[in-house]
Amino acid sequence: MLRALPLLLLALLPACGRTTQEAAPVATTTPIVSPAPPLVVRYRVEDRSTGTPGFARTVQEVLTDTRGWQRAGFALVRDDAAPYLVVLAEAAEVDTLCLPYDTVGTYSCQNGPVVALNADRWRTATPQWTGDLATYHQMLVNHEVGHLLGQHHPASGRAGESQCPVPGRPALVMSQQSTELDGLPAEPLAAARGGLPGG
Ligand SMILES: [Zn+2]
């Protein structure tokens, strides 16, 4: 009991132990600060592609990586009954899922509650990609799910933002890294900058 008392209180207790009465607890005005709870976003995963094993597991690993969107206050929870869908599909189906956006048989998209990832890109990344395939998967999932979370590309009309804010440093995960790396190192994680959008 005595061991659990704060140091200040210990200093107020008699040093010689002549009393069995403990001092009254010292009132404190220090507020108890608890961090804001994470915003829980539930999603389900479907693999409608051919020949791409391990997709669901990879998506889950990326979205539970503590270096990812968790850093921005999101908790992404896989749930087969969730309204949001992360789906890997062949190009023709992605084009359909992404309408009215034109993904031209090549790109991935977020369209309403659906994140549709192009299976060709999943299998081979892009010629512009400077990292390995696993890192590309991290970037692609974090980027498109970032749109689902309301994030935008930098340099999309807001002053002071650019695709590559620091020359030579990794591009931001919400930069259009699939097509516009311009030789910069890739950044696959959702490194949350101060106030997100664009981060
Ligand atoms: Zn994008």
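Residues numbered from 1 in each chain as written. Predicted model: local features only at pLDDT ≥ 70, side-chain atom pairs only at ≥ 80, totals over all residues.

1. A short note on the overall build of the protein
Here is step 1: Per the secondary structure count, the protein includes five helices and five strands.
Here is step 2: Scanning the protein from its N terminus toward the C terminus, one meets helices and strands in the order α-β-α-β-β-α-β-β-α-α.
Here is step 3: Counting over 199 residues, the protein shows a buried share of 29%.
Here is step 4: Of the contacts formed within the protein by residues at least 6 apart in sequence, a portion of 61% connects residues at least 24 apart. (Helix = DSSP H or I, 4+ residues; strand = E, 2+ residues; numbered from the N terminus. Buried ≥ 20, exposed ≤ 12 C-beta atoms within 10 Å, placed from the backbone. Contact = placed C-beta atoms within 7 Å.)

2. Section: helix α5 (residues 133–148)
Here is step 1: Over its 16 residues, α5 runs 23 Å from end to end, which matches the ideal 22 Å to within 8%, given 1.5 Å per residue.
Here is step 2: Those residues of α5 that fall on the buried side of the exposure criterion are Tyr-136, His-137, Gln-138, Met-139, Leu-140, Val-141, Asn-142, His-143, Val-145, Gly-146 and Leu-148.
Here is step 3: Looking at the buried side of α5, the elements it contacts are α2 (55–63), β3 (84–89), β4 (109–111), β5 (114–118) and α4 (119–124).
Here is step 4: Following α5 by one or two positions, Gly-150 adopts a phi angle in the positive range, close to 95 degrees. (Expected span 1.5 Å × (residues − 1).)

3. Structural notes on helix α3 (residues 91–98)
Here is step 1: Taken as a whole, α3 has its buried residues at Val-94, Asp-95, Leu-97 and Cys-98. In an axial view of α3, the angular spread of the buried residues amounts to 165 degrees, which keeps them on one side of the axis. In α3, the exposed residues that point more than 90 degrees away from the buried face are Ala-92 and Thr-96. (Arc of directions from axis to C-beta.)

4. What to know about the confidence of the model for the protein
Here is step 1: Averaged over every residue, the pLDDT of the protein is 76; residues scoring 70 or more account for 63%.
Here is step 2: Looking over the protein, one finds the lowest element-wise mean pLDDT in helix α1 (residues 7–12), namely 30, and the highest in β3, namely 98.
Here is step 3: A low-confidence stretch, residues 180–184 stays under pLDDT 50, and its non-local contacts, those more than four residues away or across chains, total ten contacts.
Here is step 4: In this model residues 191–199 is a low-confidence stretch, pLDDT under 50, and it forms 16 contacts with partners more than four residues away in sequence or in other chains. (pLDDT = per-residue confidence, 0-100.)

5. Some words on the packing of α2 against α5
Here is step 1: Packing of α2 against α5 leaves a shortest axis separation of 10 Å and a crossing angle of 70 degrees. When the axes of α2 and α5 are compared, the pair comes out roughly perpendicular. Our pair here, α2 against α5, has a crossing hand that is right-handed. Of the residues in α5, those in contact with Thr-58, Val-59, Val-62 and Leu-63 of α2 are His-137, Gln-138, Val-141, Asn-142 and Val-145.
Here is step 2: Residues that form the contact of α2 with α5 fall into these classes: five nonpolar, four polar and no charged. (Axes fitted to C-alpha atoms, helices over the stretch in contact; angles between N-to-C directions. Parallel < 35°, antiparallel > 145°, perpendicular 65-115°, else oblique. Left-handed = near helix turned anticlockwise from the far one by under 90°. Nonpolar A, V, L, I, M, F, W, Y, C, P; charged D, E, K, R; others polar.)

6. A word on the sheet that holds β4
Neighbouring strands of a sheet are bound in pairs by backbone hydrogen bonds; such pairs are parallel or else antiparallel.
Here is step 1: Taken in spatial order, the five strands make up an open sheet running β2-β1-β3-β5-β4, and their pairing is mixed. Among the strands making up the open sheet, the edge pair consists of β2 (74–78) and β4. Strand-to-strand twist of the sheet, defined as the mean angle between neighbouring strand axes without regard to direction, takes the value 25 degrees.
Here is step 2: Both strand β1 (residues 39–47) and β3 contribute to a ladder of five bridges, which runs parallel. If you follow Glu-46 over to β3, its bridge partner there is Val-87.
Here is step 3: Across the sheet, α3 lies against β3, β4 and β5, angled at about 150 degrees from β5, the strand it touches most.
Here is step 4: Most of the contacts of α5 go to β5, to which it runs at about 155 degrees, and overall it touches β3, β4 and β5. (Pairing = 2+ DSSP bridges.)

7. Brief notes about the pairing of β1
Here is step 1: Pairing geometry for β1 and β2, over five bridges, is parallel. The residue of β2 that forms the bridge with Val-40 is Ala-75.

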